[in-house]
Amino acid sequence: MSNWPPLRFHVPVPAVRPGDSPDFSHIVVPPAGSTRRPDVLAAEPDLRDMPYGLVRVLDDEGGAVGPWDPGLSPSELLRGLRAMMLTRAFDSRMFQSHRQGKSSFYMTSTGEEAVGAATSMVLGRDDMCFPTYRMVSYLMARDYPLLDLINQIFSNADDPLKGRQLPILYSARKYGFYSLSGNVGSRFGHAVGWAMASAYKGDHKIAISFIGEGTTAEGDFHEALTFASVYRAPVILCVTNNQWAISSFQGIAGGNETTFAARAIGYGLPGLRVDGNDFLAVHAATRWAADRARSNGGATLIEFFTYRVAGHSTSDDPTRYRPADEAAHWPLGDPVDRLKTHLIGLGDWSDAQHEELEAAVRQAVRAAAKSGEAVGTLGQSKPDTSEIFEDVYKEADWRIVEQRREMGC
Amino acid sequence: MATMNMVRAINSALDVMLGRDPDVLIFGEDVGYFGGVFRVTDGLAERHGVARCFDAPISEGGIVATAIGMGAYGLRPVVEIQFADYILPAYDQLVSEAARLRYRSGGEFWAPITVRSPYGGGIFGGQTHSSSPEAIFAHVSGLKTVIPSNPYDAKGLLIAAIEDDDPVIFLEPKRIYNGPFDGRFDRPVSNWAQHPASEVPEGYYTVPLGKAAIARHGAAVTVLAYGTMVHVALSAVEESGIDAEVIDLRSIVPLDLDSILQSVRKTRRCVIVHEASRFAGFGAELSALVQERCFYHLEAPIERVAGWDTPYPHAFERDYFLGPDRVVVAMQRTLKG
């Protein structure tokens, strides 16, 4: 007979469920400016506290404090603010368009706009982003034409991806934005390979890639980190921890046991944990990792700590698995509001100007949506049917040729 | 002109391409310093440097994912999956990513990668070192699947695969790496030196993808085969005295349909031979194509000779591996039909 107690099976559960009061008391938010900023080429063993800190620049009053303040000019800050506001206006309109039957699907990035916008501004035009579907702000910060996005979302005749992709699974090579796929995580290793290729060629380009915290459980994540570490690839590997993978809270991906940034330690990579709702912190941490990569210091893993305010997609109802008002209690605030407060505090912005910009981005989205609608919405217009048979191979073989003929296009 | 076995011929293809194109690089498990467990990459790291031919972590998914990223950048990576049985961890990368990248991105990105892998049975590898997974790749739009049967083709097809702008799965029948094998375990094994296809030019040449070879001209029945099974089929023809035409497909995607149809319309009989399991194997597609397009020419039902629908059993290798006797029986059945 054994004296051991019976074993207990453990399934992690979130602190609260629908009907409960939101509770983020388990989240420790260190004061802005309190996390140290090491030298970009510091040895990895000297960086092992970083995945447990939280890089923050904007304090509760909107001031920029501490060693990570990137010292951006007002015009750069405004550019970031505009990209975030444009993203929010775009999301709102496209979500509404889906509800009106103008598209098959949409995913908003509400609450996470700073991650895409700030990283986009750090990376150069020749660099490559291997994004998630919640990264439209990356394109917004690069002035990607709204109409092209809308044409894809409406799957109409001018869809740049020729009717073959779900809305939001964009590809924009000229804007340094790699083709998306619905299989989460499978491009993380592509980013590493792309960065290795740049190093192999002796070029100066670097790659950045994003996954959600849930996807860290995929083998692709661990494979990518292994290759990035082994070959010192000039790549920035980012985990956007927005707390929710559809209905599964971050604990289901292992987030209750340690931070996602701390995954880096086992691979000998620096790991940074960053306030993802702080535009300045996202910018500064990305700059740090980019400088390290460009100096042949290899890869960095960054966890952007944020919150997915809206549902996973237009097919999701988050009130079924979390308190309906949880987002309002997120302790790190709203990225747009925080940057706005900062700019006003600097004396470079005002509530009136903000309202004016809000109206302007809404108008830009409205105009683009109207143009897209003029081309056609879902089912009213589509690319030429022959596009079904293009680009399967560089040159079609007899199967494609015959089947295209059979379809009569 | 040198005499080469298939290992040397493939090594020569890689050597030639490393020399010709700085965008070609090679990586995979044990391929660097050691030269690969089958010695296919022997000496390449030494001759071209470790940046051109290097070892990879034991991570098939990571190897293929990394190669796709390199391909999207503009390189032409050639990766080795140590045994085709181990290709499944990379299956998502091959199917969801490599195969569809050009299509889903509207032609903005593509993955000109070559994935080499030794495949097939006959070396007492048991069920983890003997698989023939070609059908699962043939089913995927966007991939090409190439399977040589001799040293000359192996080199020329591999160079063509590396230069191809689509992702190519290059399956190497490891049982015939060192010499043709006809499935007769009771005969001494020959080597490539006596075979005309071992005359392999040292330099650059290509064998185009999608063009079958007629391994033997004949008039009584068409035998469709690839890889090791070409040799099994030829042996069956020789032993039976049946005047069969043996078509070596060389690549199953793209498939040289014209050569197949032309031959079957001439012989009016068709036997399909492959090592892989029979059910839903590539033979099923070949059979359907021939039936659809040659039905009124056929004088007998199409025959399929294939591996049994079981995993590859280690101790029963010699019972399991498909030999010429079964091909002879199939040919005879079609002749009676």
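Conventions we followed
Residues numbered from 1 in each chain as written. Chains lettered and ligands numbered in written order. Predicted model: local features only at pLDDT ≥ 70, side-chain atom pairs only at ≥ 80, totals over all residues. Heavy atoms only, no water. Helix = DSSP H or I, 4+ residues; strand = E, 2+ residues; numbered from the N terminus. Polar contact = N/O pair within 3.5 Å; in protein donor to acceptor, adjacent residues only side chain to side chain. Contact = heavy atoms within 4.5 Å. Salt bridge = Lys/Arg side-chain N within 4 Å of Asp/Glu carboxyl O. Buried < 20%, exposed > 50% of the residue type's maximum accessible area, 1.4 Å probe, protein only. UniProt positions renumbered as here; feature names shortened; annotations may be inferred. Buried area = accessible area lost by both parts, 1.4 Å probe. Pairing = 2+ DSSP bridges. Axes fitted to C-alpha atoms, helices over the stretch in contact; angles between N-to-C directions. Expected span 1.5 Å × (residues − 1). Core = buried A, V, L, I, M, F, W, Y, C linked by side-chain atoms within 4.5 Å. Patch = residues over 30% accessible without salt bridge, like charges linked within 9 Å, V, L, I, M, F, W, Y side chains within 5 Å. Areas by Shrake-Rupley, 256 points an atom, 1.4 Å probe, with all protein chains shown as cover. 1 Å grid on protein atoms, 1.4 Å probe; cavity = no way out; pocket = protein on both sides within 12 Å on 5 of 7 lines; lining within 4 Å. Points joined across faces, edges and corners; volume = space filled by probe spheres on them. Nonpolar A, V, L, I, M, F, W, Y, C, P; charged D, E, K, R; others polar.

Asks: Help me understand the side chain of E113 of chain A in this model?
Replies: All names here are of chain A. Take E113: it is sitting in helix α2 (residues 113-122). Among the polar contacts listed, one links the side chain of E113 to the side chain of R88, at a separation of 2.9 Å. Side-chain polar atoms of E113 contact the backbone nitrogen of G111, separated by 2.8 Å. In contact with E113, not counting residues within four places along its chain, are M84, T87, R88, S137 and P335.

Asks: Explain the pattern of salt bridges to me, please; I cannot follow it from the model alone.
Replies: Pairing of side chains with opposite charge becomes possible as their charged atoms draw close. One pass over the structure, following the stated rule, counts 42 salt bridges over all chains. We note a salt bridge from D316 of chain A to R308 of chain A, for which the minimum N-O separation is 3.5 Å. Overall, R308 of chain A belongs to the buried group, its relative accessible area being 1%. Beyond isolated ion pairs, a larger network of salt bridges with shared partners links D182, R184, R187, E239 and D325 of chain B.

Asks: Would you explain the UniProt feature "domain: 2-oxoisovalerate dehydrogenase E1 alpha subunit N-terminal" (unreviewed entry) in chain A in this entry?
Replies: Taking the numbering used here, the UniProt-annotated feature "domain: 2-oxoisovalerate dehydrogenase E1 alpha subunit N-terminal" (unreviewed entry) corresponds to residues 5-42 of chain A. Each end of residues 5-42 of chain A is marked by a C-alpha atom, and these two atoms are 47 Å apart; helix forms 0% of the span and strand 0%.

Asks: What exactly am I supposed to notice about the interface of chain A and chain B here?
Replies: Think of interface size as the accessible area that goes away when the parts come together; that is how it is often given. Across the contact, 44 residues belong to chain A and 52 residues belong to chain B. Summing both partners gives a buried area of about 3,800 Å² for chain A against chain B, and 57% of it is carried by carbon and sulfur. Three residues, R173, Y200 and W398 of chain A, lead the burial of chain A against chain B; their summed loss comes to 19% of the area buried on that side. Taken together, chain A and chain B are joined by four salt bridges. In this structure, the salt-bridge partner of R187 of chain A is E97 of chain B, at a minimum N-O distance of 3.3 Å.

Asks: Even after reading the chapter, I still don't get the sheet that holds strand β6 (residues 144-146) of chain B, so can you show me in this structure?
Replies: By definition, the strands of a sheet pair up through backbone hydrogen bonds, in either a parallel or an antiparallel sense. Residue and element names in this part refer to chain B. With mixed pairing, the seven strands of this open sheet are ordered in space as β3-β2-β4-β5-β7-β6-β12. Each of the sheet's edge strands pairs with one partner strand only, and the pair in question is β3 (53-55) and β12 (251-253). Pairs of neighbouring strands in the sheet enclose a mean axial angle of 20 degrees, with direction left out of account. Relative to strand β7 (residues 168-173), β6 runs parallel, the two sharing three bridges. By the bridge assignment for β7, T145 is matched with I169.

Asks: I'm lost on helix α7 (residues 151-163) of chain B in this one. Help?
Replies: Residues and elements named next belong to chain B. Over its 13 residues, α7 runs 19 Å from end to end, which matches the ideal 18 Å to within 8%, given 1.5 Å per residue. Summarising burial for α7: eleven of the 13 residues are buried, a large majority. Turning to α7, its buried residues are P151, D153, A154, K155, G156, L157, L158, I159, A160, A161 and I162. The N-terminus of α7 is capped by N150, whose side-chain oxygen sits 3.2 Å from the backbone nitrogen of Y152.

Asks: Quick question: what am I supposed to make of the nonpolar core here?
Replies: Nonpolar side chains tend toward joint burial in soluble globular proteins. Of all hydrophobic cores here, the largest spans 87 residues; its most connected members are V192 and V235 of chain A together with F27 and V290 of chain B. Within the second largest apolar cluster, 76 residues are counted, among which are A118, L139, V282 and W288 of chain A.

Asks: Before we go on, may I ask you to explain a nonpolar patch on the surface in this structure?
Replies: Where nonpolar side chains cluster on the molecular surface, the patch consists of F9, V11 and I252 of chain A and spans about 370 Å² of accessible area. Among the structural elements, I252 of chain A can be located in the loop between β5 (248-249) and β6 (271-275).

Asks: Honestly, unusual backbone geometry in this entry has me stumped. Any pointers?
Replies: A cis amide bond links V253 of chain B to the next residue, P254 of chain B, at an omega of 0 degrees. By the secondary structure assignment, P254 of chain B is in the loop between β12 and α9 (257-267). The phi dihedral of R232 of chain A is positive, around 45 degrees, even though this residue is not glycine. Phi is positive for D30 of chain B, close to 70 degrees, though the residue is something other than glycine. For D30 of chain B, the location among the structural elements is in the loop between β2 (24-28) and α2 (44-48). According to the relative accessible area criterion, D30 of chain B is partly exposed, its value standing at 36%.

Asks: Help me understand the UniProt feature "domain: Dehydrogenase E1 component" (unreviewed entry) in chain A in this model?
Replies: Those residues carrying the UniProt feature "domain: Dehydrogenase E1 component" (unreviewed entry) are residues 82-374 of chain A in this numbering. Between the end C-alpha atoms of residues 82-374 of chain A there is a gap of 26 Å, over a span that is 41% helix and 11% strand.

Asks: I tried to follow the layout of surface pockets on my own but got confused; where do I start?
Replies: Over the atoms rolls a probe the size of a water molecule, and in doing so it shows where empty space is left. Looking at the largest pocket, its volume works out to about 690 Å³. If you go around the largest pocket, you meet 31 residues; those closest to its centre are R399 and Q403 of chain A together with A138, H139 and S141 of chain B. Elements with a contribution of two residues or more to the lining of the largest pocket: α10 (398-407) of chain A together with α6 (134-138), β12 and α10 (282-294) of chain B. Taken together, the residues of the lining of the largest pocket break down into 18 nonpolar, five polar and eight charged. In this structure, the second largest pocket spans a volume of roughly 540 Å³. For the lining of the second largest pocket, the elements supplying multiple residues, two or more each, are α7, β9 (213-216) and α8 (228-240) of chain B. No other element matches the six residues that α8 of chain B contributes to the lining of the second largest pocket. The residue makeup of the lining of the second largest pocket, split by class, is twelve nonpolar, six polar and eight charged.

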